[in-house]
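A structural walkthrough
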Amino acid sequence: MTFEGYDLVVVGSGLFGLTIAERTATELDKRVLVLERRDHHGGNAYSEVDPDTGIEVHRYGPHIFHTSNERIWAYVNRFTAFTGYRHKAFTLYQGQVYPLPVNLATICQFFGRYLTPDEARALIAEQAAEIGQLPPDPSHEEKGISLVGRPLYDAFFRGYTAKQWQTDPKELPGSVIARLPVRFDFNNRYFNDTYEGLPVDGYTAWLSRMAADPRIDLRLNTDFFELADAIPDGTPVVYTGPLDRYFRYRGGRLGWRTLDFEREVAPVRDYQGTTTINYAEESVPFTRNVEYRHMHPERSYRSDRTVLVREYSRSAGDQDEPYYPINTAGDRDALRTYRMLARQETAERNVLFGGRLGTYQYLDMHMAIGSALAMFENRIVPYFRDRRPLGSTGPTTDDKE
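As the structure is a prediction and not an experimental result, all values here were calculated from the model.

1. A short note on the overall build of the protein
Within the protein, the secondary structure is distributed over 12 helices and 16 strands. The dimensions of the protein, computed from C-alpha atoms along their principal axes, are 70 × 55 × 40 Å. Taking all 401 residues of the protein together, the buried fraction comes to 56%. Considering only contacts in the protein between residues 6 or more positions apart, those separated by 24 or more positions represent 73%. Total accessible area computed for the protein in this model is approximately 17,500 Å², and 46% of it derives from carbon and sulfur atoms.

What follows is the structure, encoded as structure tokens:
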């Protein structure tokens, strides 16, 4: 294929890549070529209709859009309206179902008695006292016990985490658990953000509108690495694929977790009564069961069957889809090397690195969009309007929303 006539090449059509492409086309009147190695656009947010039930399923696991950022919310509403869905999750432990995140209902149910908010705080503080002063870089276990105490941590998080990461929680960073809230009231919303919901007609429809500008040329089933040498020197590239793959693993392989999905169609209208139930015990091989019909109660799905998807976590190989960065000490050492190489590549070859894979960060959807908007405003706009070098404002891998 030819790259002539394109002002920008974007590698990957997830939310980060599509945001860059859409902004560059519509705001700067530039032609953008988007290369996508999969057979669909949208990255891991891609959704499709299950052929046996008619229920919309998220191919790569459930995605719920949420944000408190007014600018991001205004941006995404250009392409879709959102339902009023509010995500609630539960965990199954020793035959009992408990609400997550940990809240006052979870605490009262687990300890078998009613506790006031102050009594619950005091109990958790007593049970967390074994940790003492947290170190500057606490482990998952240290951070988890400091948040909920050892009894709740051992019940709901230790086994689930060991299953999810197949790594001793003592070896994982505390950031893995730090983002989960702990509440001393009966609020059982999973997210705290101001805005939350699902695109009314699905993620694929939303993302298709982002790519609909005629100045955007989206090529599916196209591997960037098979074409990279043909891209004219100096053509700006935004790369959102795996960071270590781009540099041919010269700094070592970054660790990722992937997911396997097991689909089942059950001959009932409602199998589990909610979207997501986690399975906390290590003796159960899967991490959670997702019943997708509950994401869209406003839709008239058929009443005689429902679709369930169980998720199994394992280490990602070269041919697997990477989902979650493991982020061990070795990974962090390698990442420092890759960030240095990324800065050099930006300065020498006009390549910017972004998105979850391109920065080795776990990014929720709103974070990916916010980071892309920041890159567009701080890098892409000055490059095209002011002829400023792409790397003139600092490390590309550090752009935040």
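2. As for helix H12 (residues 365-386)
Helix length check: H12, at 22 residues, gives a terminal C-alpha distance of 30 Å against a target of 32 Å (1.5 Å per residue), a fit within 8%. Phe376 marks the point of greatest bend in H12, at about 35 degrees. The first or second residue beyond H12 is Arg387, which carries a positive phi of 60 degrees.

3. Topic: the pairing of strand S7 (residues 96-100)
Where strand S6 (residues 89-93) meets S7, five bridges bridge the pair, whose relative direction is antiparallel. Among the inter-strand pairings, Thr91 is bridged to a residue of S7, identified as Tyr98. Here S6 folds back onto S7, and the loop between the two strands holds two residues, one of which, Gln94, carries a positive phi near 50 degrees.

4. Here's the deal with the UniProt feature "domain: UDP-galactopyranose mutase C-terminal" (unreviewed entry) in the protein
Under the local residue numbering, the UniProt record ascribes the feature "domain: UDP-galactopyranose mutase C-terminal" (unreviewed entry) to residues 155-362. Split by type, residues 155-362 is 27% helix and 21% strand. Its first and last C-alpha atoms lie 25 Å apart.

5. Re helix H1 (residues 15-28)
Between its first and last C-alpha, H1 extends 19 Å over 14 residues, near the 20 Å set by a 1.5 Å rise per residue. The element H1 is extensively covered by neighbouring structure, given that 12 of its 14 residues are classed as buried. Inspection of H1 places Leu15, Phe16, Gly17, Leu18, Thr19, Ile20, Ala21, Glu22, Arg23, Thr24, Ala25 and Leu28 among the buried residues, and these make up the whole buried set.

6. What about the layout of surface pockets?
The volume enclosed by the second largest pocket comes to roughly 350 Å³. Where the lining of the second largest pocket is concerned, the elements lending two or more residues are helix H8 (224-227), helix H9 (243-246) and helix H10 (329-349). Per-class residue counts for the lining of the second largest pocket are nine nonpolar, two polar and seven charged.

7. Remarks on the packing of aromatic side chains
Here the distance between the centres and the angle between the planes together describe a pair of aromatic rings. Scanning the entire structure with this criterion turns up 33 aromatic pairs. Their ring planes at 25 degrees and their centres at 5.7 Å tell us that Tyr324 and Tyr362 sit as a pair that is stacked. Of this pair, Tyr324 sits in strand S15 (residues 324-325) while Tyr362 sits in the loop between helix H11 (355-359) and H12, and the two are 38 residues apart along the sequence. Assessed through its relative accessible area of 33%, Tyr362 is described here as partly exposed. Through a chain of ring-to-ring contacts, three or more aromatic side chains come together here, namely Phe224, Phe225, Tyr239, Tyr246, Phe247, Tyr338 and Phe353. Above the face of the Tyr60 ring, Arg38 is positioned so that its terminal group lies 4.5 Å from the ring centre.

8. Considerations on the packing of H1 against helix H7 (residues 203-210)
To describe two helices that pack against each other, one gives the angle between their axes and the distance between the axes. Between H1 and H7, the least distance of the axes is 9 Å, while the angle of their chain directions is 30 degrees. Residues Leu15, Leu18, Thr19 and Glu22 of H1 form the contact with H7, whose participating residues are Trp206, Leu207 and Met210. In terms of residue class, the contact of H1 with H7 is made up of five nonpolar, one polar and one charged.

9. Details of the sheet that holds strand S16 (residues 351-353)
Two orientations exist for strands paired in a sheet by backbone hydrogen bonds: parallel and antiparallel. Within the open sheet, the five strands sit side by side as S9-S2-S1-S10-S16. Their pairing is parallel. Lying at the two open borders of the sheet, with one neighbouring strand each, are strand S9 (216-219) and S16. Taken over all neighbouring pairs, the strand axes of this sheet differ in orientation by 20 degrees on average, direction set aside. Alignment of strand S10 (residues 237-239) against S16, held across three bridges, turns out to be parallel. Among the inter-strand pairings, Tyr239 is bridged to a residue of S16, identified as Phe353. Across the sheet, H1 is in contact with strand S1 (8-11), strand S2 (32-35), S9 and S10; its angle to S1 comes to roughly 160 degrees.

10. Focus on the pattern of salt bridges
For the coordinates displayed, the defined rule picks out 30 salt bridges. Between Arg23 and Glu22 there is a salt bridge; the shortest N-O distance is 2.7 Å. Of the two residues, Arg23 and Glu22, neither departs from the other in class, the shared state being buried. For Asp201, the salt bridge identified is with Arg209, shortest N-O distance 2.5 Å. Given a relative accessible area of 37%, Arg209 falls into the partly exposed group.

The rules we used
- Residues numbered from 1 in each chain as written.
- Predicted model: local features only at pLDDT ≥ 70, side-chain atom pairs only at ≥ 80, totals over all residues.
- Heavy atoms only, no water.
- Helix = DSSP H or I, 4+ residues; strand = E, 2+ residues; numbered from the N terminus.
- Buried < 20%, exposed > 50% of the residue type's maximum accessible area, 1.4 Å probe, protein only.
- Contact = heavy atoms within 4.5 Å.
- Areas by Shrake-Rupley, 256 points an atom, 1.4 Å probe, with all protein chains shown as cover.
- Expected span 1.5 Å × (residues − 1).
- Bend = angle between axes of the 7 residues up to and from the residue.
- Pairing = 2+ DSSP bridges.
- UniProt positions renumbered as here; feature names shortened; annotations may be inferred.
- 1 Å grid on protein atoms, 1.4 Å probe; cavity = no way out; pocket = protein on both sides within 12 Å on 5 of 7 lines; lining within 4 Å.
- Points joined across faces, edges and corners; volume = space filled by probe spheres on them.
- Nonpolar A, V, L, I, M, F, W, Y, C, P; charged D, E, K, R; others polar.
- Phe/Tyr/Trp six-rings, centres within 6.5 Å; stacked < 30°, edge-to-face > 60°.
- Lys NZ or Arg CZ within 6 Å of the ring centre and 35° of its normal.
- Axes fitted to C-alpha atoms, helices over the stretch in contact; angles between N-to-C directions.
- Salt bridge = Lys/Arg side-chain N within 4 Å of Asp/Glu carboxyl O.

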